[in-house]
Amino acid sequence: MRLEILRRKSAAETPHIAYFDYDPTDSTETVATALTRLNETLPDPIRWECSCLQRKCGACAMVVNGRPVLACGAQLLEYKDKVRIEPLRKFPVVADLIVDRSILYENLSALRCWMSAEADMHQRAADLGYEASRCLQCGCCLDVCPNFAPGGDFSGMAGAVPLSRLLAELPEAELAELSEQYRRHFYAGCGKSLACRNVCPAGIGVDALLVNSNAVAVWKRLLRRKRI
């Protein structure tokens, strides 16, 4: 198997492709396994991030054969004889496969994604809240989003999903500011391509979350204004 890895020692360095011939030892090997084994022999180890290696933390997100994935969940044998590995494309590169995803957390802060009142835990809110809580903040959704760009007003699905939890759980009196943030930083910029749904490593049902969030933050408030 030929591994092609986009490398650079720092953000200032011009990237180049490094080629490695790799022989998987069994059918369960992942891209994360390959990177770990390669680094055992390389004088200049490939820089990449990982933590749980159980598809639970999102740290090892990268692009494999053009698709953002978690390295720990990307089975090598699915790619046949050639695997091209690159860093996520919408974030500043730190080194090799490591990117700076701080914009994710800056957006959450700007959206004020925290509770300021007791949650309303009826069953539908609990179901939507649980679905939203599975977001890993890995950045895969933003990598394929045609409307997201770091530094812009559009937060992408990485911002909309945690915000959808609050829109489902908080009482009506607490929703005015959150609704405005949702409309400004997500609804106004989303083209509804749902490319994010197809690459989410957690398999989050963004359709149901968006339906509820749009109803709470946009349509109900629009109808209320018309009645007034």
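Rules used in this analysis
Residues numbered from 1 in each chain as written. Predicted model: local features only at pLDDT ≥ 70, side-chain atom pairs only at ≥ 80, totals over all residues. Heavy atoms only, no water. Helix = DSSP H or I, 4+ residues; strand = E, 2+ residues; numbered from the N terminus. Expected span 1.5 Å × (residues − 1). Buried < 20%, exposed > 50% of the residue type's maximum accessible area, 1.4 Å probe, protein only. Pairing = 2+ DSSP bridges. Axes fitted to C-alpha atoms, helices over the stretch in contact; angles between N-to-C directions. Contact = heavy atoms within 4.5 Å. Core = buried A, V, L, I, M, F, W, Y, C linked by side-chain atoms within 4.5 Å. Domains from an automatic or database assignment. Arc of directions from axis to C-beta. Phe/Tyr/Trp six-rings, centres within 6.5 Å; stacked < 30°, edge-to-face > 60°. Salt bridge = Lys/Arg side-chain N within 4 Å of Asp/Glu carboxyl O.

Caption draft 1: Structural view of helix α5 (residues 157-169). Over its 13 residues, α5 extends 18 Å from the first C-alpha to the last, a length consistent with the 18 Å expected when each residue adds 1.5 Å. Counted residue by residue, α5 has 12 buried out of 13 residues, so it is predominantly covered. Burial in α5 covers these residues: M157, A158, G159, A160, V161, P162, L163, S164, L166, L167, A168 and E169.

Caption draft 2: Here's a closer look at the environment of L210. Relative to the elements of secondary structure, L210 occurs in helix α8 (residues 206-227). Each C-alpha atom, one on L210 and one on M157, is 9.5 Å from the other, the two residues being 53 residues apart in sequence.

Caption draft 3: Geometry of the sheet that holds strand β5 (residues 82-86). Spatially, the 5 strands line up as an open sheet ordered β2-β1-β5-β3-β4, and their pairing is mixed. Each end of this open sheet is capped by a strand with a single partner; those strands are β2 (16-21) and β4 (67-70). Strand-to-strand twist in this sheet, taken as the mean axis angle between neighbours without regard to direction, amounts to 30°. By the bridge criterion, 4 bridges tie strand β3 (residues 61-64) to β4 in an arrangement that is antiparallel. Across the sheet, residue V63 finds its bridge partner in β4, namely P68. Along the sheet face, helix α1 (residues 31-39) touches β1 (2-7), β2, β3 and β5 and points at about 80° away from the line of β1.

Caption draft 4: The arrangement of the environment of M1 in detail. With respect to the secondary-structure elements, M1 resides in the segment before β1. Apart from the residues within four sequence positions on either side, M1 is in contact with F20, D21, Y22, P24, L76, K80, D81 and V83.

Caption draft 5: Inspection of the nonpolar core at higher detail. Residues V31, M62, M157 and Y182 are the most contacted members of the largest nonpolar core, which totals 69 residues. At 8 residues, α5 tops the list of elements feeding residues into this core. Both of domain 1 (2-99) and domain 2 (102-225) provide at least three residues apiece to this core. If near-sequence neighbours (up to four positions away) are discounted, M157 is found in contact with C141, L142, P162, F186, C196, V206 and L210.

Caption draft 6: Summary view of helix α3 (residues 123-133). Listed as buried for α3 are A125, L128, G129, E131 and A132. Looking straight down α3, one finds that the buried residues subtend no more than 160° of arc, so they occupy a single side. Residues Q123 and Y130 are exposed on α3 and point more than 90 degrees away from its buried face.

Caption draft 7: Quick look at the packing of aromatic side chains. This structure, assessed with the given rule, holds 3 aromatic pairs. Between F91 and F148 the ring centres are 6.4 Å apart and the planes differ by 45°, which places this aromatic pair in the tilted class. Of the two residues, F91 is situated in the loop between β5 and β6 (93-95) and F148 in the loop between α4 (140-144) and α5; the sequence distance between them amounts to 57 residues. Classification of F91 as buried rests on a relative accessible area of 4%. Looking at F148, the relative accessible area reads 3%, which means it is buried.

Caption draft 8: The arrangement of the pattern of salt bridges in detail. For the structure shown, the criterion picks out 14 salt bridges. A salt bridge links E86 to R84; its shortest N-O distance comes to 3.5 Å. Judged by relative accessible area, R84 falls into the partly exposed class, the value being 29%. Linking R134 and E131 is a salt bridge whose minimum nitrogen-to-oxygen distance equals 2.9 Å. The network of salt bridges with shared partners includes R7, D44, R47 and D96.

From the geometry alone we can't say anything about function, so treat these as descriptive.
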